[in-house]
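Working through the structure, step by step
Residue-level listing of the chains:
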Amino acid sequence: MYRSVLCLLVICAFVISAAAQTRSRKTPTQKKATPTTQRTSPATNSGNTAPPPTPAERAAQKKAEEAASAAENEVIQIDTNLVTTPVSVLDRNGRFIAGLKKKDFKILEDGVPQSITYFQSSEQPFTVVLMIDTSPSTRYRIDEIHYAAVMFVNQLRPEDKVMVVAFDQRLKILAEPTTDKKVLFAAIYKAQFGSGTSLYDAIDYVTNLDLINVTGRKAVVLFTDGVDTTSRRANFQSTVAGVEEVDALFYPIRYDTQQRTDAGPVAQAFGLPSGFMVQLARGTSAADYEKGKTYLESLAQNSGGRIFEADASTNLEASFAGVAEELRRQYSIGYYASGDGKPGDRKRIKIQVSRPARAIVKAKSTYIVKDRSDTPGETGGPSTPRLRRDQ
């Protein structure tokens, strides 16, 4: 009996001892967070940490942050009067003359000699906008226009980009700028005639395109008879002046469609009274076609390009080859205008070459001084207008 009680006491003592040991091991684990927090606090307040900024330092820091924010949002206006223009120099046979140097050129603005500060003669790729007239007056020539447009694209090199647009009463973008000739050929043959002729509106639209207003060699090749009948946004004078403000050459390819659209014989054949078909015959008179020819000549002259007659005896394919070479191998000349000019002033430019003596110079003859507050950039270049896509 005594031994049983003694054994029971020994077992109870063992159990109590084990429980006490278990509690002693758990206590440090539960209190680990407290020492960690205590170690962090002294480090934060150690003598190595900089003291809080004074009111004057806080004010200076705030001022610096405000200045940095203002600089980030600031639009930098570049005040410069650099005038640049592409120049083509041709011989009497219309072939490009290569190898000229800066010293071979002379520039006059309003009769005053200017110092050439920028000159480039290296061969470069270019971007061209093909504009195809699909108005009713061209319906009998549309196959010829398709073929001529394809011929022009065939003259280009792999790095040259082309955009294709067609216009009748409305303008349609058939291909965005691309070097893929398969895409371009497919786009050209999509151009089918419609109603009306908004030629002036189409020219206004193209001169407002972003790609026309960026750096690089650019041209517009226009297949049309030059007659406008339905434009509402733009007119003869506004678009001729507009091409002066863009750094792109215009090459109109003129098709004479007058014989096929003259409504006078139709009226006579049916015994209709005079004036009965005035509305149907709008844009088909000899005066309309003469005005159209003058318009295309003005586009070419004011931009520094050339006009071609599609019905002439000259080989149109050879002419396209010359245009492509001319675009690729133009000289680029720039100068800082010595005279003052107010926004909207028209300045006259004359570019001469000393050799060869009988060379033909193709370049802009005028430019419009732009408002520098509108767009930062060069005085001789265009401002970037809002692109209209609702035509």
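Below is a short write-up of the structure.

Procedures and definitions
- Numbering of residues starts from 1 in every chain and runs along the sequence as written.
- Only residues with pLDDT of at least 70 are given local features in this predicted model, and only at 80 or more are side-chain atom pairs given and counted; all residues enter the totals for whole chains, interfaces and linings.
- Based on all heavy atoms of the structure, the side-chain values leave hydrogens and waters out of the count.
- Only DSSP runs of H or I with at least four residues qualify as helices, and only runs of E with at least two residues qualify as strands; both kinds are numbered from the N terminus onward.
- Contacts: residue pairs with any heavy atoms within 4.5 Å of one another.
- Nonpolar cores were defined as sets of buried Ala, Val, Leu, Ile, Met, Phe, Trp, Tyr and Cys residues, with membership established by side-chain atoms within 4.5 Å.
- Each residue is assigned to one of three classes by its accessible area relative to the maximum for its type, calculated with a 1.4 Å probe on protein chains only: buried under 20%, partly exposed between the two thresholds, exposed over 50%.
- For two strands to be treated as a pair, DSSP must find no fewer than two bridges joining them.
- What qualifies as a polar contact is a pair of N or O atoms within 3.5 Å, subject to a donor-acceptor requirement within protein and to the restriction that residues adjacent in sequence count only when both atoms come from side chains.
- To get an axis, a line is fitted to the C-alpha atoms, and for a helix only the part in contact is used. The angle between two axes follows their N-to-C directions and goes from 0 to 180 degrees.

**What to know about the environment of Glu-144**
For Glu-144, the location among the structural elements is in helix α4 (residues 142–154). Separated by 166 residues in sequence, Glu-144 and Ala-310 have C-alpha atoms that sit 9.3 Å apart.

**Considering the side chain of Asp-133**
With respect to the helices, strands and loops of the structure, Asp-133 is situated in strand β5 (residues 126–133). Beyond its immediate stretch of four places on either side in the chain, Asp-133 contacts Thr-138, Ile-142, Ile-145, Phe-167, Thr-197, Phe-223, Thr-224 and Asp-225.

**A look at the nonpolar core**
Leu-130, Val-164, Phe-223 and Ile-253 are the most contacted members of the largest nonpolar core, which totals 34 residues. Sorting the residues of this core by element identifies β5, α4, β6 (161–167), α5 (181–190), β8 (217–224), β9 (249–254) and α11 (316–328) as the ones contributing at least two each. Broken down by element, the residue count for this core peaks at seven residues, all from α4. Setting aside its immediate chain neighbours within four residues, Phe-223 contacts Leu-130, Met-131, Ile-132, Asp-133, Ile-145, Ala-148, Ala-149, Ile-253, Tyr-255 and Phe-320. Residues Val-129, Leu-222, Phe-236 and Val-243 belong to the second largest nonpolar core, which totals 27 residues.

**What to know about the pairing of β5**
Counting buried residues in β5 gives eight out of eight residues, a clear majority hidden from the surface. Burial along β5 is two-sided: Phe-126, Val-128, Leu-130 and Ile-132 and Thr-127, Val-129, Met-131 and Asp-133, pointing in opposite directions, are all buried. With seven bridges connecting them, β5 and β8 associate as parallel partners. Bridging from a neighbouring strand, Phe-126 pairs with Arg-217 of β8. In this structure, β5 lies alongside β6, joined through seven bridges in parallel fashion. The partner of Thr-127 across the bridge, within β6, is Lys-161.

**Some thoughts on the side chain of Thr-224**
Note on placement: Thr-224 falls in strand β8. Given a relative accessible area of 0%, Thr-224 falls into the buried group. Among residues more than four places away in sequence, those in contact with Thr-224 are Asp-133, Phe-167, Leu-199, Ile-253, Arg-254, Tyr-255 and Leu-296.

**Some points on the environment of Ser-285**
The residue Ser-285 is located in the loop between α9 (264–269) and α10 (286–303) in this model. Residue classification places Ser-285 among the partly exposed positions, given a relative accessible area of 33%. Remark: the alpha-carbon pair of Ser-285 and Val-227, spanning 58 residues in sequence, is separated by 10.0 Å. Among the polar contacts listed, one links the side chain of Ser-285 to the side chain of Asp-288, at a separation of 2.9 Å.

**Brief notes about the sheet that holds strand β14 (residues 366–368)**
Taken together, four strands build an open sheet; the order of strands is β3-β2-β12-β14 and the sheet is antiparallel. Looking at the sheet topology across the chains shown, the edges are occupied by β3 (112–114) and β14. Averaged over all pairs of adjacent strands, the angle between strand axes in this sheet comes to 35°, irrespective of strand direction. Looking at chain direction, strand β2 (residues 105–109) and strand β12 (residues 346–353) are connected through five bridges and run antiparallel. Looking at β12, one finds that Leu-108 is bridged to Lys-350.

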